[in-house]
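# Architecture at a glance
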Amino acid sequence: MINVLKGVNLYLVGMMGVGKTTVGKLLAEEIGYRFVDTDEVIVKAAGKSINEIFTENGEAEFRQLESDVLAQVCAYTKLVIATGGGIIMQQHNWSYLHHGLIVWLDVPVQIILQRLVEDDTRPLLQDDPESKLRSLLEQRQPMYSQADLHITISAAETPAEIAKRILATIPSVLKTP
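Keep in mind that what you see is a predicted model, and the values were worked out from it rather than measured.

What follows deals with the pairing of strand S3 (residues 79-82). On S3, burial covers both faces: Leu-79 and Ile-81 on one face and Val-80 and Ala-82 on the other are all buried. Where strand S1 (residues 10-13) lies against S3, three bridges are found, and the strand directions are parallel. When the sheet's bridge partners are listed, Leu-10 is paired in S3 with Val-80. For strand S2 (residues 34-37) and S3, the ladder comprises four bridges, and the chain directions are parallel. Bridge assignment links Phe-35 to a residue of S3, and that residue is Val-80.

Packing of helix H7 (residues 109-116) against helix H8 (residues 129-144) brings their axes to within 10 Å, and their N-to-C directions diverge by 130 degrees. The orientation of H7 with respect to H8, classified from their angle, is oblique. For H7 against H8, the interelement crossing comes out right-handed. Contacts from Val-109, Gln-110, Ile-112 and Leu-113 of H7 reach H8 at Pro-129, Glu-130, Leu-133, Arg-134 and Leu-137.

Glancing now at the sheet that holds S1. Paired through backbone hydrogen bonds, the strands of a sheet run either parallel or antiparallel to each other. The strand order across the open sheet formed by five strands is S2-S3-S1-S4-S5, and the pairing between neighbours is parallel. The open sheet has two edge strands with one neighbour each: S2 and strand S5 (149-152). Ignoring which end each strand starts from, the neighbouring axes of this sheet average 20 degrees apart. Direction of pairing for strand S4 (residues 101-106) relative to S5: parallel, over a ladder of four bridges. Each residue of the ladder has a partner; that of Trp-104, found in S5, is His-150. On top of the sheet, helix H9 (residues 159-173) reaches S1, S4 and S5; it is set at about 150 degrees to S5, its chief contact.

In this structure the tally under the stated criterion is two aromatic pairs. Measuring from centroid to centroid gives 5.6 Å for Trp-104 and Tyr-144, while their planes differ by 25 degrees, and the two rings are stacked. Within this pair, whereas Trp-104 is found in strand S4, its partner Tyr-144 is found in helix H8, the two being separated by 40 residues in sequence. The class for Trp-104 is buried, based on a relative accessible area of 3%. When its relative accessible area of 0% is taken as the criterion, Tyr-144 is described as buried.

This part takes up the pattern of salt bridges. For side chains bearing opposite charge, pairing can occur when the charged atoms are close. In this structure the tally under the stated criterion is four salt bridges. A salt bridge links Glu-56 to Lys-48; the nearest nitrogen and oxygen atoms lie 2.9 Å apart. Look at Glu-56 and you get exposed, because its relative accessible area is 52%. Of the residues examined, Lys-48 reaches a relative accessible area of 22% and is grouped as partly exposed.

So, how was this worked out
Residues numbered from 1 in each chain as written. Predicted model: local features only at pLDDT ≥ 70, side-chain atom pairs only at ≥ 80, totals over all residues. Heavy atoms only, no water. Buried < 20%, exposed > 50% of the residue type's maximum accessible area, 1.4 Å probe, protein only. Helix = DSSP H or I, 4+ residues; strand = E, 2+ residues; numbered from the N terminus. Pairing = 2+ DSSP bridges. Axes fitted to C-alpha atoms, helices over the stretch in contact; angles between N-to-C directions. Parallel < 35°, antiparallel > 145°, perpendicular 65-115°, else oblique. Left-handed = near helix turned anticlockwise from the far one by under 90°. Contact = heavy atoms within 4.5 Å. Phe/Tyr/Trp six-rings, centres within 6.5 Å; stacked < 30°, edge-to-face > 60°. Salt bridge = Lys/Arg side-chain N within 4 Å of Asp/Glu carboxyl O.

Dropping the structure here:
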């Protein structure tokens, strides 16, 4: 698999709660890449939680930090990168994402809601999470659908099974010489 990728980064995109971090760590381990979560990098760089950034500085400031982090990580190779759910909404971020292979983890809203029911760290889900999630997905779906690889995930699949399926599907989307 590593030979097929030739050092190209894997960018995981999708809504919050779809498992980008969990699956990303498994993928990185499986193919001998390093793992980066853009949200974790933002928290370290800003010295505050994403909730605090949203509250104190607003979503626009967060999105700028997100773009800055993406610009920095795309300079490296052999990375699996879990991105924030909204990273695809900024057109200039696509120029960074296209440096690698973009994998969309697509999970039905009901499953996401079950996963996030106890999670109060999501600033965009503070009021009426279900309608907010549906609205966000509706806005983002046309952008997510531009990914190189579309992986639809069911409730029964484990992160390890998802990672294996991604690795099995990657060769079908890579252009071989």
